[in-house]
Each structure stands twice: as C-alpha cells, then as structure tokens.
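What follows is each chain in one-letter form.
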Amino acid sequence: MNLQVVFHATTFDELMRARRNLLNFRYAEPSAKLAIIANAGAVVGALENPDPSTDDSLSICSNTLANSGQTNYRGLYEISSAVVEIARRQASGWQYIRS
C-alpha cells in the first residue's frame, strides 16, 4: 500500500511538529508520499527557520504571503491557497493530519 499524507501547519509550533512527524513517517514508511502545507504563522516560521531535511516536502500559502506582506525570499514551493490544496489532495486520496 502506498500511503499519501499531508501534514497541515498554521503556527510555528505546528510546523516544527509537522517536520518531526514527516521525518518519523518517512523513516517508518519510506515509500509514502508526504507533504507539509503551511499557512498563517507557519509561513513566517518556514521562511525564518530552514530545514533541509523537510523543506523539499513543504508548500507555503501565497495568500498568507500577500496578506502578511512577506516575500518568499527562500524560494520555497508556493501554492495559491492552503485550504484548496488540502481539499484537492484529500479528494485524490491523501490523508490529512493537523500538526
């Protein structure tokens, strides 16, 4: 079975938990497709606290960037809307975990 899981983070603490969860999950299920979707306060946390071991699985919300006046100066992968992306993934069989 190929698991697909999206971890959702809205705060810096949730982002840190999502990163740990992703690494633990990756260790237990190396073939799983894993993603972290960050919006709200987690976006600033992602920009200010790089994590080379999980940033390749991280998407940040463009709406949050625009609403907070931030720029994606690290070049992280952007999605237009975190909630829409989560809904799309759930519709295509991904499991949702709120971090």
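Here's what I pulled together on the structure shown here. (Residues numbered from 1 in each chain as written. Predicted model: local features only at pLDDT ≥ 70, side-chain atom pairs only at ≥ 80, totals over all residues. Heavy atoms only, no water.)

## Considering unusual backbone geometry
Glycine aside, a negative phi is what most residues show, and trans is what most peptide bonds show.
Thought 1: Even without a glycine there, the phi angle at A40 is positive, about 55 degrees.
Thought 2: Secondary-structure assignment places A40 in the loop between β2 (33-38) and α2 (41-48). (Helix = DSSP H or I, 4+ residues; strand = E, 2+ residues; numbered from the N terminus.)

## Description of the pattern of salt bridges
Thought 1: This model, assessed by the stated rule, comprises seven salt bridges.
Thought 2: Across the pair E85 and R89 runs a salt bridge, and its minimum N-O distance is 2.8 Å. One end of the pair is E85 and the other is R89, both in helix α4 (residues 82-91) and four residues apart, which spans about a single turn.
Thought 3: Under the relative-accessibility criterion, E85 is labelled buried at 15%.
Thought 4: Three or more residues are tied together by salt bridges with common partners; here these are R19, D51, D55 and R74. (Salt bridge = Lys/Arg side-chain N within 4 Å of Asp/Glu carboxyl O. Buried < 20%, exposed > 50% of the residue type's maximum accessible area, 1.4 Å probe, protein only.)

## Describing the sheet that holds strand β5 (residues 95-98)
Thought 1: What the five strands build is an open sheet, ordered β4-β3-β2-β1-β5; its pairing is parallel. Strand pairing shows two members of the sheet lacking a second neighbour, β4 (77-79) and β5, which therefore form its edges. When the angles between neighbouring strand axes are averaged without regard to direction, this sheet yields 30 degrees.
Thought 2: Looking at chain direction, β2 and strand β3 (residues 58-61) are connected through three bridges and run parallel. Opposite A38, over in β3, you have I60 as the bridge partner.
Thought 3: The strands touched by helix α1 (residues 12-28) are β1 (4-9), β2, β3 and β5; relative to β1, the strand with the most contacts, the crossing angle is about 160 degrees.
Thought 4: Running at roughly 125 degrees to β3, α2 makes contact with β1, β2 and β3 of the sheet. (Pairing = 2+ DSSP bridges. Axes fitted to C-alpha atoms, helices over the stretch in contact; angles between N-to-C directions. Contact = heavy atoms within 4.5 Å.)

## Re the nonpolar core
Thought 1: Counting 18 residues, the largest nonpolar core has F7, L15, I36, L58 and I60 as the members making the most contacts within it.
Thought 2: Where this core is concerned, the elements lending two or more residues are β1, α1, β2, α2 and β3.
Thought 3: Of the residues forming this core, the biggest block, four residues, is contributed by α2.
Thought 4: Listed in part, the eight residues of the second largest apolar core include V6, C61, A82 and W94. (Core = buried A, V, L, I, M, F, W, Y, C linked by side-chain atoms within 4.5 Å.)

## Topic: the packing of aromatic side chains
Thought 1: Under the defined criterion, the tally for this structure stands at one aromatic pair.
Thought 2: Plain terms: the ring middles of F7 and F25 are 6.3 Å apart, the flat faces sit at 75 degrees to each other, and that makes the pair edge-to-face. With F7 in strand β1 and F25 in helix α1, this pair connects stretches of sequence that are 18 residues apart.
Thought 3: Residue classification places F7 among the buried positions, given a relative accessible area of 1%. (Phe/Tyr/Trp six-rings, centres within 6.5 Å; stacked < 30°, edge-to-face > 60°.)

Geometric descriptors of this kind do not, in isolation, establish any biological role.
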